[in-house]
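Secondary and tertiary structure notes
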Amino acid sequence: MATRVRPWRLGPAGSAGAEKLATGGAASAEGPGRPGPLQDETLGVASVPSRWRDAQGFRGETKSCQTASVATADAASQARKRADAEVQTEAPGPGVLPAPRHDSARLAAFLRRVEATVVRELNRNWRSHAFDGFSVNWTEPQCTVTCLHTLGYPPAQGQGLHVTSVSWNTTGSVVACAYGRLDDGDWSTLKSFVCAWNLDRRGLSPRQPSAVVEVPSAVMCLAFHPTQPSHVAGGLYSGEVLVWDLSRPEDPLLWCTGLTDDTHTDPVYQVVWLPEPQHSHHFRVLSVATDGKVLLWQGVGAGQLQLTEGFALVVQQLPRNTKLKKPPRGETEVGTTAVAFSSFDPSLFVLGTEGGFPLKCSLAAEEAALTRMPSSVPLRAPAQFTFSPHGGPVYSVSCSPFHRNLFLSAGTDGHVHLYSMLQAQPLTSLRLSPKYLFAVRWSPVRPLVFAAASGEGDVQLFDLQKSSQKPTVSIKQTQDGSPVYCLEFNRQQTQLLAAGDAQGTVKVWQLSSEFTEQGPRETEDLEQLAEEVAT
């Protein structure tokens, strides 16, 4: 049986119950065995029985109360009920507050009111060119270059041969190099090699090429066919031009010029594949040499390269739009060392010369060349415009893939010149090395990026959008500072760059996205560069 407790009732001030507490008197709770309330003299607090606790069945417990009023204040308010603002996966219980309901009518009225303004701004943004050429890159760009492969052929390196040229095939998976010598000497009977590595092949061996061709003379230059992955053309120190099929290891030679009256009499420094005018899927080989001739060869039966067209550079027929040094007495031919064709006009090309001046030339030239050099076809004079010279021979030229009037040249004076086809003076001149520069190439994917190979063993990458005076990255290719003679970008796998050096080594460098992804307005900046100087 539950014990009932009579509650304390405090009447008006001065009631008997209050007086007892104030004077220390005790009050007993009714019911058997219940202790009386405890008194705390210090705090003036009495422990009183709790009716609620009795109702719940708790016996022998007391509850404290204060006789004096205590002022309290809440710093925050709490609610017993709560609701999550996030999406719930379970059905809300009865204690969760319902989500607020939107006033659909007012929302529709607002959208109708702002519709015209929103559509007008969207149309204005759609016509804007503010973000042309911009692509989102979620990774932090870094100008890094790493060496993927170090390739070499020990028998060639044992002979002290240099890598004189490198070329990527049309698939971008095979890199080939020519072994020869670029220093002074007679290398016409020096046994040399053409080597190729398939970088996609499993189990690639850097010291064992997938194809090796032995050549009876030093190979000075190399170029893969534009559509046939295994066909490669080469120019020799002896003046010959050859074409090999690397898929035929037992008998790789397809065509050769042989030693005839049409053959170059000096070393061939560059070969280029050109489509035929009427048959774009048929190609001819163009060769340039220091004998002053530019020759076009066509493969015919019986393994022969037959001369189809020819040009000769003669001092007396050079355009006189800029002042040039007088040639030595009795010299009439202008030795050519490099060639580059325009990406916009298939008949337009630029020649680098031993005299240091680049020449703008045309395959459509009709004027006969004033030369007595023997030839089975009439030789014509291709030069149309002469550019201001370097301080020494030009070893490399490269036409921009993104602008019809811009090209680069590099020479023995250690400078790279950026020219416009519209004026003789260079737009800018960069001194990259106190020694020779042997090669320069525009990037096939970045309008303002180019690479140069130096006689100090460096490969230098320039980004003109960042600086027009110093390289963005300078790569040390050779540890002993021996020259880097050649380099080529990979047009299919654009992050790869191959470079060959005097140690007989080809290094394949992997470029970061900073060198392969166009920046905003980069093409416009290139156009502005050309226009500023042309005016």
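Residues numbered from 1 in each chain as written. Predicted model: local features only at pLDDT ≥ 70, side-chain atom pairs only at ≥ 80, totals over all residues. Heavy atoms only, no water.

Some remarks on the nonpolar core
If you look at the biggest cluster of nonpolar residues, it comprises 24 residues, and the most contacted ones within it are Cys177, Tyr179 and Trp197. Of all the secondary-structure elements, those providing two or more residues to this core are β5 (162-168), β6 (174-180), β7 (192-198), β31 (496-501) and β32 (505-511). (Core = buried A, V, L, I, M, F, W, Y, C linked by side-chain atoms within 4.5 Å. Buried < 20%, exposed > 50% of the residue type's maximum accessible area, 1.4 Å probe, protein only. Helix = DSSP H or I, 4+ residues; strand = E, 2+ residues; numbered from the N terminus.)

Thoughts on the confidence of the model for the chain
Reading fine detail from the predicted coordinates is not recommended where pLDDT is low. Summing up the model confidence of the chain, the mean pLDDT is 83 and the portion of residues at 70 or higher is 77%. Segment residues 1-48: pLDDT under 50, and 55 contacts once partners within four positions in sequence are set aside and those in other chains are kept. A low-confidence stretch, residues 50-65 stays under pLDDT 50, and its non-local contacts, those more than four residues away or across chains, total 24 contacts. (pLDDT = per-residue confidence, 0-100. Contact = heavy atoms within 4.5 Å.)

Observations regarding the environment of glycine 392
Tracing the backbone shows glycine 392 in the loop between β21 (383-386) and β22 (394-399). Looking at glycine 392, the relative accessible area reads 10%, which means it is buried. The sequence separation of glycine 392 and glycine 414 amounts to 22 residues, and the corresponding C-alpha distance is 9.0 Å. Leaving out residues up to four positions away in the same chain, glycine 392 has contacts with Glu354, Gly356, Thr412 and Asp413.

Points about the sheet that holds strand β19 (residues 359-362)
With antiparallel pairing, four strands are arranged side by side in an open sheet as β17-β18-β19-β21. Each edge of the open sheet carries a strand with a single partner, namely β17 (336-341) and β21. Each neighbouring strand pair of the sheet contributes to a mean axis angle of 25°, computed without reference to strand direction. Where strand β18 (residues 348-353) lies against β19, four bridges are found, and the strand directions are antiparallel. (Pairing = 2+ DSSP bridges. Axes fitted to C-alpha atoms, helices over the stretch in contact; angles between N-to-C directions.)

Concerning the pattern of salt bridges
Per the counting criterion, the structure on display carries eleven salt bridges. A salt bridge links glutamate 488 to arginine 441; its shortest N-O distance comes to 3.0 Å. With a gap of 47 residues between them, glutamate 488 in strand β30 (residues 484-489) and arginine 441 in strand β26 (residues 437-442) connect regions that are remote in the sequence. The class for glutamate 488 is partly exposed, based on a relative accessible area of 23%. Within the structure, one salt-bridge network assembled from shared partners comprises Arg284, Glu309 and Arg380. (Salt bridge = Lys/Arg side-chain N within 4 Å of Asp/Glu carboxyl O.)

Looking at helix α3 (residues 104-127)
When the terminal C-alpha atoms of α3 are compared, their 33 Å separation across 24 residues agrees well with the 34 Å that a helix rising 1.5 Å per residue should span. At valine 114, α3 shows its maximal bend, which comes to roughly 45°. (Expected span 1.5 Å × (residues − 1). Bend = angle between axes of the 7 residues up to and from the residue.)

Quick word on the packing of aromatic side chains
Scanning the entire structure with this criterion turns up twelve aromatic pairs. Taking the centre distance of 5.3 Å and the plane angle of 55° together, the rings of phenylalanine 387 and tyrosine 419 count as tilted. With phenylalanine 387 in the loop between β21 and β22 and tyrosine 419 in strand β24 (residues 415-420), this pair connects stretches of sequence that are 32 residues apart. For tyrosine 419, a relative accessible area of 0% gives the class buried. When the ring of tyrosine 395 is compared with that of tyrosine 436, the centres are 6.1 Å apart and the planes differ by 75°; the resulting orientation is edge-to-face. Here tyrosine 395 is found in strand β22, whereas its partner tyrosine 436 is found in the loop between β25 (428-431) and β26, with 41 residues between them in sequence. A relative accessible area of 39% means that tyrosine 436 is categorised as partly exposed. What links up through ring pairs into an aromatic cluster is the set Phe385, Phe387, Phe407 and Tyr419. (Phe/Tyr/Trp six-rings, centres within 6.5 Å; stacked < 30°, edge-to-face > 60°.)

Comments concerning the sheet that holds β32
Spatial strand order, β4-β32-β31-β30: four strands in an open sheet with antiparallel pairing. The open sheet has two edge strands with one neighbour each: β4 (145-152) and β30. With direction set aside, neighbouring strand axes in the sheet form an average angle of 20°. Relative to β31, β30 runs antiparallel, the two sharing five bridges. When the sheet's bridge partners are listed, valine 484 is paired in β31 with aspartate 501.

Describing unusual backbone geometry
In the Ramachandran plot, arginine 521 falls in the positive-phi region, its phi being about 65° despite a non-glycine side chain. Checked against the element boundaries, arginine 521 lands in the loop between β32 and α5 (522-534).

Considering a nonpolar patch on the surface
On the surface, Leu107, Phe110 and Leu111 cluster together into a nonpolar patch covering about 290 Å² of accessible area. Counting through the fold element by element, phenylalanine 110 comes out in helix α3. (Patch = residues over 30% accessible without salt bridge, like charges linked within 9 Å, V, L, I, M, F, W, Y side chains within 5 Å. Areas by Shrake-Rupley, 256 points an atom, 1.4 Å probe, with all protein chains shown as cover.)

Considering the environment of leucine 496
Residue placement: leucine 496 occurs in strand β31. Residues leucine 496 and threonine 146 lie 350 residues apart in sequence; the distance between their C-alpha atoms is 9.8 Å.

Points about the pairing of strand β14 (residues 283-289)
The buried fraction of β14 is high, at seven of seven residues. Residues Phe283, Val285, Ser287 and Ala289 of β14 are buried on one face, and the alternating residues Arg284, Leu286 and Val288, pointing to the opposite face, are buried as well. One ladder, built from seven bridges, connects strand β13 (residues 268-275) with β14; its direction is antiparallel. Residue tryptophan 273 lies in a different strand from β14, and its bridge partner there is valine 285. Bridge analysis of β14 against strand β15 (residues 293-300) gives four bridges, and the strand direction is antiparallel. Of the residues in β15, the one forming a bridge with serine 287 is leucine 295. The loop that links β14 with its antiparallel partner β15 comprises three residues; one of these, glycine 292, has a positive phi angle of about 90°.

What about the side chain of serine 400?
On the secondary structure map, serine 400 appears in the loop between β22 and β23 (406-411). Only 3.1 Å separates the side chain of serine 400 from the backbone nitrogen of histidine 403, close enough to count as a polar contact. Contact partners of serine 400, with chain neighbours within four places excluded, come to Ser343, Phe344, Leu406, Phe407, Trp442 and Leu526. (Polar contact = N/O pair within 3.5 Å; in protein donor to acceptor, adjacent residues only side chain to side chain.)

Here's the deal with a negative patch on the surface
A cluster of acidic residues, Asp132, Glu524, Glu527, Glu531 and Glu532, forms a negative patch on the protein surface. With respect to the helices and strands, aspartate 132 occurs in the loop between α3 and β4. For aspartate 132, a relative accessible area of 32% translates into the label partly exposed. (Lys, Arg positive; Asp, Glu negative; His and termini not counted. Charge placed at Lys NZ, Arg CZ, Asp CG, Glu CD.)

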